[in-house]
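Structural description and commentary
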Amino acid sequence: MKRALITGVTGQDGLYLSELLLSKGYEVYGLIRGQNNPKAELVRRTVPGVKLLTGDITDLASLIRAFGEAQPDEVYNLGAISFVAYSWENAKLTSDVTGQGVLNVLEATRLYAGDDISKVRFYQASSSEMFGKVQDVPQRETTLLWPRSPYGVAKVFGHYMTINYRESYGMHASSGILFNHESPRRGPEFVTRKVTQAVARISLGLQDSISLGNLDAKRDWGFAGDYVDAMWRMLQQDEADDYVVATGETHSIRELLDVAFSHVGIDDWEGKVVQDPRFFRPAEVDLLIGDPTKARERLDWTPKVGFLELVRMMVESDVAQQKELAGR
Ligand code: GDD
């Protein structure tokens, strides 16, 4: 039975990855941060098979202890402060967690492996946010990185550190450059879920409008459940490498609004969307679209859920959730 350790297990990807690994017969350990973490209950309820360990990616000693208990064959570093907008207000904290945190997990992995570096494989959750002011369209593994947010800069550090551990120590360390990936489990601060939650509430007469920032930004949005499968596939390869994980399609926030509103029968949403300067960013990433050719050819990975299906799935889940909340 293989053993896996996941940091960031409380997030959307942590939950989907836990389900995937448990279904494959893995023994799964999840790292939970902080005292009385309110999300621990969510993990226990959603993936009861996961064994929870206490630790923090900014605290190397806690990681060393967690590795000792989990004895992992595979390590998935998903832990991060992941909300881009927040990173301008908390740049130092974001670089400590999202950037330096990667170095800590790599170092804990190396120390745990000891003389036998081949005993453990490492996955780093890199991000398309690293492409920032994009230098190629579509973006691929070789595209020059030009991050536009403190979050993006921190992810670049983690990405290059992962490559450096691969090159310096021969560690099986892979980096997945994941484009935006969403699901009904997405936090409501991210634009897809913010929209689908508001659309559900508007359709039920619980809310009149939604306030948003830049409606012209374009993103390559996929389904998180598909993307965790790509992570696992990377660690099953003979050689570690870097992979773009994306759908190869891009859509604007306006198109997201079109699909979400029309799914509840509202075709003209202009009067229901307010543009609020508070939600504009100091520097925007205007266009993300990934080229997933390498992942398709080497990992035999393709996304199964397309944009329309994804948005509709999220709207339906939010309508059901809002009805349940309103009925209570
Ligand atoms: N969150 C949010 N809220 N975004 C808005 C809003 C709003 O009210 N209005 C417009 N947007 C625009 C943002 O300006 C951005 O261009 C786009 O919607 C997507 O924003 P997010 O959903 O917050 O995601 P992100 O692209 O910044 O970052 C996500 O994807 C990265 C991968 O590229 C996060 O999941 C990151 O952690 C991830 O690395």
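Located above this text is the structure these notes cover.
Here's a quick rundown of the structure. (Residues numbered from 1 in each chain as written. Predicted model: local features only at pLDDT ≥ 70, side-chain atom pairs only at ≥ 80, totals over all residues. Heavy atoms only, no water.)

Here's the deal with the overall build of the protein chain
- For the protein chain, the helix and strand inventory stands at 11 helices and 13 strands.
- Against the compact-globule benchmark of 20 Å for 328 residues, the protein chain has a radius of gyration of 20 Å, which places it among compact chains.
- Considering only C-alpha atoms, the protein chain reaches an extent of 65 × 45 × 40 Å along its principal axes.
- Within the span of the protein chain, comprising 328 residues, buried residues form 52% of the whole.
- By element, 48% of the accessible surface of the protein chain is carried by carbon and sulfur atoms, the whole surface being about 14,400 Å².
- Of the charged side chains in the protein chain, 37 are positive and 45 negative, and the gap between their average positions amounts to 3 Å. (Helix = DSSP H or I, 4+ residues; strand = E, 2+ residues; numbered from the N terminus. Rg over C-alpha atoms; globule rule 2.2 N^0.38 Å. Buried < 20%, exposed > 50% of the residue type's maximum accessible area, 1.4 Å probe, protein only. Areas by Shrake-Rupley, 256 points an atom, 1.4 Å probe, with all protein chains shown as cover. Lys, Arg positive; Asp, Glu negative; His and termini not counted. Charge placed at Lys NZ, Arg CZ, Asp CG, Glu CD.)

Some thoughts on the packing of aromatic side chains
- A complete count under the given rule lists 8 aromatic pairs for this structure.
- With centroids separated by 5.5 Å and ring planes inclined at 75 degrees, the aromatic side chains of F83 and F190 adopt a geometry described as edge-to-face. Placement of F83 in the loop between β4 (74–77) and α4 (86–89) and of F190 in the loop between β7 (181–182) and α7 (191–203) is noted, with a sequence separation of 107 residues between them.
- What makes F83 partly exposed here is its relative accessible area of 23%.
- Here the aromatic rings of F131 and F179 are separated by 5.9 Å at their centres, their planes lie at 35 degrees, and the arrangement is tilted. Of this pair, F131 sits in the loop between β5 (121–127) and α6 (150–169) while F179 is found in the loop between β6 (172–178) and β7, placing the two residues 48 residues apart along the sequence.
- Judged by relative accessible area, F131 falls into the buried class, the value being 0%.
- The ring of F279 carries the charged tip of K194 above its face, separated from the ring centre by 3.4 Å.
- Sitting above the plane of the Y243 ring, K294 keeps its charged end 5.1 Å from the centroid. (Phe/Tyr/Trp six-rings, centres within 6.5 Å; stacked < 30°, edge-to-face > 60°. Lys NZ or Arg CZ within 6 Å of the ring centre and 35° of its normal.)

A word on the site of the ligand
- Neighbouring residues of the ligand: 25 residues in total, closest S127, S128, Y151, R281 and E284.
- Taking R186, its side chain carries an N or O atom lying 2.7 Å from an oxygen atom of the ligand.
- Within the backbone of V191, one N or O atom sits 2.9 Å away from an oxygen atom of the ligand.
- Those elements giving two or more residues to the shell around the ligand turn out to be α7 and β8 (210–212).
- Looking at side-chain class alone, the shell around the ligand contains 11 nonpolar, 7 polar and 7 charged residues.
- Composition of the shell around the ligand by domain shows at least three residues from each of domain 1 (3–181 + 222–245) and domain 2 (187–219 + 250–288 + 307–327). (Near = heavy atom within 4 Å. Polar contact = N/O pair within 3.5 Å; in protein donor to acceptor, adjacent residues only side chain to side chain. Nonpolar A, V, L, I, M, F, W, Y, C, P; charged D, E, K, R; others polar. Domains from an automatic or database assignment.)

Structural notes on a negative patch on the surface
- Taken together, the side chains of D258, D267, D268 and E270 define an acidic patch exposed on the protein surface.
- Along the polypeptide, D267 turns up in the loop between α9 (253–263) and β13 (273–275).
- Its relative accessible area of 68% is what places D267 among the exposed residues. (Patch = residues over 30% accessible without salt bridge, like charges linked within 9 Å, V, L, I, M, F, W, Y side chains within 5 Å. Salt bridge = Lys/Arg side-chain N within 4 Å of Asp/Glu carboxyl O.)

Digging into the pattern of salt bridges
- Considering all chains together, one arrives at 17 salt bridges under this definition.
- Between R185 and E19 there is a salt bridge; the shortest N-O distance is 2.8 Å. With R185 in the loop between β7 and α7 and E19 in helix α1 (residues 12–23), the pair connects residues that are 166 residues apart, well separated along the chain.
- Under the relative-accessibility criterion, R185 is labelled partly exposed at 29%.
- A network of salt bridges, in which partner residues are shared, links R3, E27 and K51.

Looking at helix α5 (residues 91–113)
- For α5, built from 23 residues, the straight-helix expectation of 33 Å at 1.5 Å per residue is met to within 8% by its first-to-last C-alpha distance of 32 Å.
- Most pronounced at Q100, the bend in α5 amounts to some 40 degrees.
- Among the residues trailing α5, G114 stands out with phi positive, at a value near 60 degrees. (Expected span 1.5 Å × (residues − 1). Bend = angle between axes of the 7 residues up to and from the residue.)

Regarding helix α11 (residues 307–327)
- Helix length check: α11 (21 residues) gives 30 Å between terminal C-alpha atoms against 30 Å at 1.5 Å per residue, within 8%.
- Within α11, the full set of buried residues consists of F307, L310, V311, M314, V315, D318, V319 and Q322. Projected onto a plane normal to the axis of α11, the buried residues spread over an arc of 165 degrees and lie on a single side. Those residues of α11 that are exposed and aimed more than 90 degrees away from the buried face are K323 and G327.
- The elements touched by buried residues of α11 are β7, α7, β10 (222–223), β12 (251–252) and α9. (Arc of directions from axis to C-beta. Contact = heavy atoms within 4.5 Å.)

Topic: the packing of α5 against α6
- Direction vectors running N to C along α5 and α6 enclose 15 degrees, while the axes themselves pass 8 Å from each other. Taken together, the axis directions place α5 and α6 in an arrangement best described as roughly parallel. In this structure, α5 crosses over α6, and the sense of that crossing is right-handed. Residue-level contacts link A91, T94, S95, T98, G99, Q100, V102, L103, L106, E107 and R110 of α5 to P150, Y151, A154, K155, F157, G158, M161, T162, Y165 and Y169 of α6.
- By residue class, the composition of the contact of α5 with α6 is 11 nonpolar, 7 polar and 3 charged. (Axes fitted to C-alpha atoms, helices over the stretch in contact; angles between N-to-C directions. Parallel < 35°, antiparallel > 145°, perpendicular 65-115°, else oblique. Left-handed = near helix turned anticlockwise from the far one by under 90°.)

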